[in-house]
Amino acid sequence: MDLLTGALLVAVWAFIAMIDAVGPKVFLGILPLFGGLITGVILGDPTTGLLIGAYMQLVSLGLIPIGGSVPPDMASATFFFTAVAILQGMEVIVPGGVTEAGAALFGFALAVAFIGQQLDILARTVNISLIHAAERKIEEGSLDAVGRLHFLGFIPWGLSRAIPTFFAVWLGGEYIEEFVAFMEKYAGWVLTGLAGMATILPAVGLAILLSFLPFRRKPMYFIVGFAVSLLTLVMLYGVQIVSFDWIALLITSIIGGLVAWLKVRGKYEAKEEAGVQPTYKPLLDNKTLNNVFLHFLTFEASWNYERMQALGYLYTILPGLKKIYEDKDELKEAMKLHLEFFNCNPIITSIIIGANLALEEQIRGKDRDAIRNFKAAMMGPMAGIGDALFYFLIMGMILLYASTLAYNNVVMLAPIAGLILLDIITLGFRYWSLKASYKRGLTMLQTMGARFQRLREGAELLGLVVIGAFIPVIVKIGTPLFPITTAAGILLSGILALPIFFLAYYLLRKGFSPIRTLLVLMAVGFILGALGLISLGIGGM
């Protein structure tokens, strides 16, 4: 396949992946693990796509756009990295490690990530026009135009990924192999430095995740996870198993899960009393609520810098509003209110929407400030719970497991199982909670508080153990005297990984952004690699 055809195919996939990211969040191609795998399938080499996607995911764990933040576009970087490697026939990643050619290509991929970041900002800015157009249409009485305007937001989002991917693959692909060949001939130390850099970068993703957990209050959980994992790896060295790092992770995960369960079981039971049933007869039938849910699957299509998710919120709740407000003027006033600023985690917002519809039924336009105050009071706390629980804990842990198994052991089933599990959790929660919060009204928010608290605390404890366990598994640092293929090398690799990891964690705690932390570790890894102090830790254990 030539570069132009490959670039077009991958650009179309990038467009679809971004639409899914701000819409239903089913394929999750915007996450490197799944984006790399599907790119590999499209271009006929799923194994390379799997390995590149897993590596890029490990590097970028925790780089999630929260609120109005825009991290580097690691999705476009992954599309580019995977496409060029396959189309040019380059061996860039083998199980458990990055080759020198792969390290060089990774540097170009980061440049694509920064370009994509700027186009992401542009898309969020362009979509501001949609919110003002929607206001005009409501005033004119063209209420159905709101949906069309909301869907137009998909176009800037899709192009923000398709454009950098297409031009980077098409124009840059043919020169990269020549660059690598030139460097091998005249400046081999540069490639060695780049390889050292690529070796330690997964530590950044782990450090980002740890920065959201109560490590400083409960460091022993982390220490136990690290020690059990590393000792298991050393003790199992030489056992006739194709790969044994998964055994270390399994043992550590079981220990962490048991400890977390014992710590939080029954802790919040006194607060989990049955909610009071609503005293009114619900107006919205199941068909209407299903329609609201389908609208919710496009929630962030029109996200913009001025009012963020406001237009998506209005479009989502509109089927319910039409049932509640039969008078067109009352409906217009309700629609105007929901065009006001709103921003929250897009998974847990389903609870707010359901409770909002219940409140609309009770008030029927008599107290607009009550609706406004309800949304303002809920979006901040719920955003904090949703981001921590769904993005950093649940999604972070699933991606960590799946990426590690794929990166070290080429387990094709790992990302597939991870994707299915994430879809079951996120789609299932959105569907169930929207209906439950509508039927139970504001009491749903009261009774869910203790359950969320217990789940979050248990997940945090498990996360501390698991992140400690993953360090010796995915941050593999070989040395000239002790290669990673020996028991002593495995032990030393785990010990050396700790200061690298804690350097990243220290920088994050000191206020460094994830990208600045990544750049610092790139410099450290490059220097250590160029001096020959560390080498590639290639090969799954």
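It should be emphasised that the depicted structure is a prediction, and the values quoted were computed from it without experimental measurement. (Residues numbered from 1 in each chain as written. Predicted model: local features only at pLDDT ≥ 70, side-chain atom pairs only at ≥ 80, totals over all residues. Heavy atoms only, no water.)

**A word on the overall build of the protein**
How we decide: Numbering of helices and strands starts at the N terminus; helices are DSSP runs of H or I of at least 4 residues and strands are runs of E of at least 2. In this scheme, a residue with accessible area under 20% of its type's maximum is buried, one over 50% is exposed, and one in between is partly exposed, where area comes from a 1.4 Å probe on protein chains only. In this analysis, two residues are considered to be in contact whenever any of their non-hydrogen atoms come within 4.5 Å of each other. Here the Shrake-Rupley method, with its probe set to 1.4 Å, supplies the accessible areas, and only the displayed protein chains count as covering residues.
A count of helices and strands for the protein gives 21 helices and four strands. The proportion of buried residues among the 541 residues of the protein is 59%. Relative to all contacts within the protein whose residues are 6 or more apart in sequence, the contacts with residues 24 or more apart total 82%. Carbon together with sulfur atoms contributes 67% to the accessible area of the protein, which is approximately 21000 Å² in total.

**As for the pattern of salt bridges**
Convention followed: Salt bridges, as used here, are contacts in which a Lys or Arg side-chain nitrogen is within 4 Å of a carboxyl oxygen on Asp or Glu.
Applying the stated criterion across every chain yields a total of twelve salt bridges. Note that Glu-333 and Lys-336 form a salt bridge whose closest N and O atoms lie 3.4 Å from each other. Linking Glu-333 with Lys-336, this pair stays in helix α15 (residues 328-337), spanning three residues, or about one helical turn. Taken together, the shared-partner salt bridges in this structure form one network comprising Asp-73, Asp-120, Arg-124 and Arg-161.

**Structural notes on the layout of surface pockets**
Stated formally: Buried and open spaces are told apart on a 1 Å grid over the protein atoms alone, a cavity being a set of points where a 1.4 Å probe fits but cannot get out and a pocket being an open set with protein on both sides within 12 Å along at least five of seven lines. Residues with an atom within 4 Å of a point are the lining residues. Grid points are joined across faces, edges and corners, and a volume is the space filled by probe spheres set on the points. Here the term charged refers only to Asp, Glu, Lys and Arg, the term nonpolar to Ala, Val, Leu, Ile, Met, Phe, Trp, Tyr, Cys and Pro, and the term polar to all other amino acids, Gly among them.
In this structure, the largest pocket encloses a volume near 790 Å³. Taken together, 46 residues form the lining of the largest pocket, with Ala-21, Ile-30, Ile-64, Pro-65 and Tyr-391 sitting closest to its centre. Looking at the lining of the largest pocket, the elements with two or more residues in it are α1 (3-22), α3 (46-60), α4 (74-87), α5 (100-126), α8 (154-186), α17 (368-409) and α18 (413-440). By residue number, the principal contributor to the lining of the largest pocket is α17, which donates seven residues. Of the residues that constitute the lining of the largest pocket, the class distribution is 28 nonpolar, nine polar and nine charged.

**As for empty space enclosed by the protein**
The full count for this structure, using the stated rule, is two cavities of 30 Å³ or more. Computed from the structure, the second largest cavity encloses a volume of approximately 40 Å³. Every residue along the wall of the second largest cavity is listed here: Phe-212, Leu-213, Ala-388, Phe-392, Leu-393, Arg-456 and Glu-460. At the level of elements, α17 and α19 (443-474) are the ones that each hand at least two residues to the lining of the second largest cavity. The greatest single-element share of the lining of the second largest cavity, amounting to three residues, is contributed by α17. Considering only residue class, the lining of the second largest cavity consists of five nonpolar, no polar and two charged.

**A look at unusual backbone geometry**
If you check the backbone angles, Lys-25 has positive phi at about 60° while not being a glycine. Mapped onto the secondary structure, Lys-25 falls in the loop between α1 and α2 (32-42). Relative accessible area serves as the criterion here: at 10%, Lys-25 is assigned to the buried category. A positive phi angle is found at Met-308, which is not glycine, with a value near 55°. Within the secondary structure, Met-308 is located in the loop between α13 (286-296) and α14 (310-324).

**Quick look at the confidence of the model for the protein**
Test applied: pLDDT expresses how confident the predictor is about each individual residue, on a scale running from 0 to 100.
Of all residues in the protein, 88% attain a pLDDT of 70 or more, and the chain-wide mean is 83. Here strand β4 (residues 535-536) stands out as the least confident element of the protein, with mean pLDDT 62; α2 is the most confident, with 95. Contacts of residues 270-276 to residues separated by more than four positions or lying in other chains number eleven contacts, the stretch itself having pLDDT below 50.

**Let's talk about the packing of helix α7 (residues 145-152) against α14**
We apply this condition: Here, axes are lines fitted to C-alpha atoms. For helices the fit covers the stretch in contact, and angles between N-to-C directions go from 0 to 180 degrees. We call two directions roughly parallel when the angle between them is under 35 degrees, roughly antiparallel when it is over 145, roughly perpendicular when it lies between 65 and 115, and oblique otherwise. For any helix crossing, the convention is left-handed if the near helix is rotated counterclockwise from the far helix by under a right angle, and right-handed if that rotation is clockwise.
Viewed as axis vectors pointing N to C, α7 and α14 meet at an angle of 135°, and their least axial separation amounts to 10 Å. Classified by the angle their axes make, α7 and α14 are oblique. The element α7 and its partner α14 pack so that their crossing is left-handed. Contacts from Val-146, Gly-147, Leu-149, His-150 and Phe-151 of α7 reach α14 at Leu-311, Gly-312, Leu-314 and Tyr-315. Partitioned by chemical class, the residues of the contact of α7 with α14 number six nonpolar, three polar and no charged.

**What to know about the nonpolar core**
To keep things clear, this is the line we draw: Put simply, buried Ala, Val, Leu, Ile, Met, Phe, Trp, Tyr and Cys residues joined by side-chain atoms within 4.5 Å make one nonpolar core.
If you look at the biggest cluster of nonpolar residues, it comprises 169 residues, and the most contacted ones within it are Tyr-55, Leu-400 and Ile-467. The next biggest cluster of nonpolar side chains, apart from the first, holds nine residues, and it includes Met-18, Ala-21, Phe-154 and Trp-157.

**Some points on the packing of aromatic side chains**
Selection criterion: Any two of the Phe, Tyr and Trp rings considered here, Trp counted by its six-membered ring, make a pair once their centres fall within 6.5 Å; the pair's planes then place it as stacked at under 30 degrees, edge-to-face at over 60, or tilted in between. The criterion is that NZ of a Lys, or CZ of an Arg, lies within 6 Å of the ring centre and within 35 degrees of the ring normal, and then a charge sits over that ring.
Applying the stated rule across the entire model yields 22 aromatic pairs. Each ring, one from Tyr-313 and one from Phe-342, has its centre 4.5 Å from the other, and the planes form 50°; the classification is tilted. With a gap of 29 residues between them, Tyr-313 in helix α14 and Phe-342 in the loop between α15 and α16 (349-363) connect regions that are remote in the sequence. Judged by its relative accessible area of 0%, Phe-342 falls in the buried class. Clustering of aromatic rings is evident, with ring pairs tying together Phe-215, Phe-222, Phe-501, Phe-502 and Tyr-505. Across the ring face of Tyr-313, the terminal group of Lys-375 is positioned such that the distance to the ring centre comes to 4.0 Å.

**Things to note about the side chain of Ser-493**
Residue position: Ser-493 is located in helix α20 (residues 487-509). Using a relative accessible area of 1% as the deciding quantity, one classes Ser-493 as buried. Look past the residues within four positions of Ser-493 in its chain and what remains in contact with it is Val-475, Lys-476, Ile-477 and Ile-484.

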